[in-house]
Amino acid sequence: MRQRYTITISDIEMNVISEESPEAVEALVGLVDRKMREISAASKRCSKTEAALLCSLDYCSDKLRAQRKIKMLEGKVATVESAMDQLIEENEALKL
């Protein structure tokens, strides 16, 4: 069920609507807030908008990397499943 939350990230308060639990929203907010503060601390001239964009780019990069890895692993699983099916058929044939 969708719920409205008031969150604060990098001293910016906003309202969001999410289907996630309060604990999940809190964990996500904490993660993004910490990352934005790290970025801001590393570069004192970095605005909050720039920090938010860099944070977004970092998380999108992580997501794309994870998606590529998932596709690769799915391919490996399909190969193993195919080999298992073939071995099962061979085993059944040998039983006859």
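Refer to the structure above for everything that follows.
Below: a short report on this structure. Note that the structure is predicted; figures quoted are calculated from it, not measured.

1. A closer look at the nonpolar core
Thought 1: One finds Y5, I7, I9, V25, V29, V32, M36, I39, C46, A51 and C55 forming the largest nonpolar core, which totals eleven residues.
Thought 2: Counting residues per element, the ones that place at least two in this core are β1 (3-9), α1 (22-42) and α2 (48-95).
Thought 3: By residue number, the principal contributor to this core is α1, which donates five residues.
Thought 4: When near neighbours in sequence (up to four residues on either side) are disregarded, C46 contacts I39, A51 and L54.

2. Re α1
Thought 1: The end-to-end C-alpha separation of α1 is 30 Å, in line with the 30 Å expected for 21 residues at 1.5 Å each.
Thought 2: If you check which residues of α1 are buried, you get V25, V29, G30, V32, D33, M36 and I39.
Thought 3: Each element contacted by the buried residues of α1 is listed here: β1, β2 (12-18) and α2.

3. Some details on the pattern of salt bridges
Thought 1: Scanning the entire structure with this criterion turns up five salt bridges.
Thought 2: The salt bridge partner of D58 is K35, with a shortest N-O separation of 3.1 Å. Within this pair, whereas D58 is found in helix α2, its partner K35 is found in helix α1, the two being separated by 23 residues in sequence.
Thought 3: Given the relative accessible area of 28%, D58 is considered partly exposed.
Thought 4: The exposure class assigned to K35 is partly exposed, which follows from its relative accessible area of 22%.

4. What to know about a nonpolar patch on the surface
Thought 1: Together, V80, M84 and I88 make up a nonpolar patch on the protein surface, roughly 290 Å² of accessible area in all.
Thought 2: Note on V80: relative accessible area 49%, which makes it partly exposed.

Cut-offs applied
- Residues numbered from 1 in each chain as written.
- Predicted model: local features only at pLDDT ≥ 70, side-chain atom pairs only at ≥ 80, totals over all residues.
- Heavy atoms only, no water.
- Core = buried A, V, L, I, M, F, W, Y, C linked by side-chain atoms within 4.5 Å.
- Buried < 20%, exposed > 50% of the residue type's maximum accessible area, 1.4 Å probe, protein only.
- Helix = DSSP H or I, 4+ residues; strand = E, 2+ residues; numbered from the N terminus.
- Contact = heavy atoms within 4.5 Å.
- Expected span 1.5 Å × (residues − 1).
- Salt bridge = Lys/Arg side-chain N within 4 Å of Asp/Glu carboxyl O.
- Patch = residues over 30% accessible without salt bridge, like charges linked within 9 Å, V, L, I, M, F, W, Y side chains within 5 Å.
- Areas by Shrake-Rupley, 256 points an atom, 1.4 Å probe, with all protein chains shown as cover.

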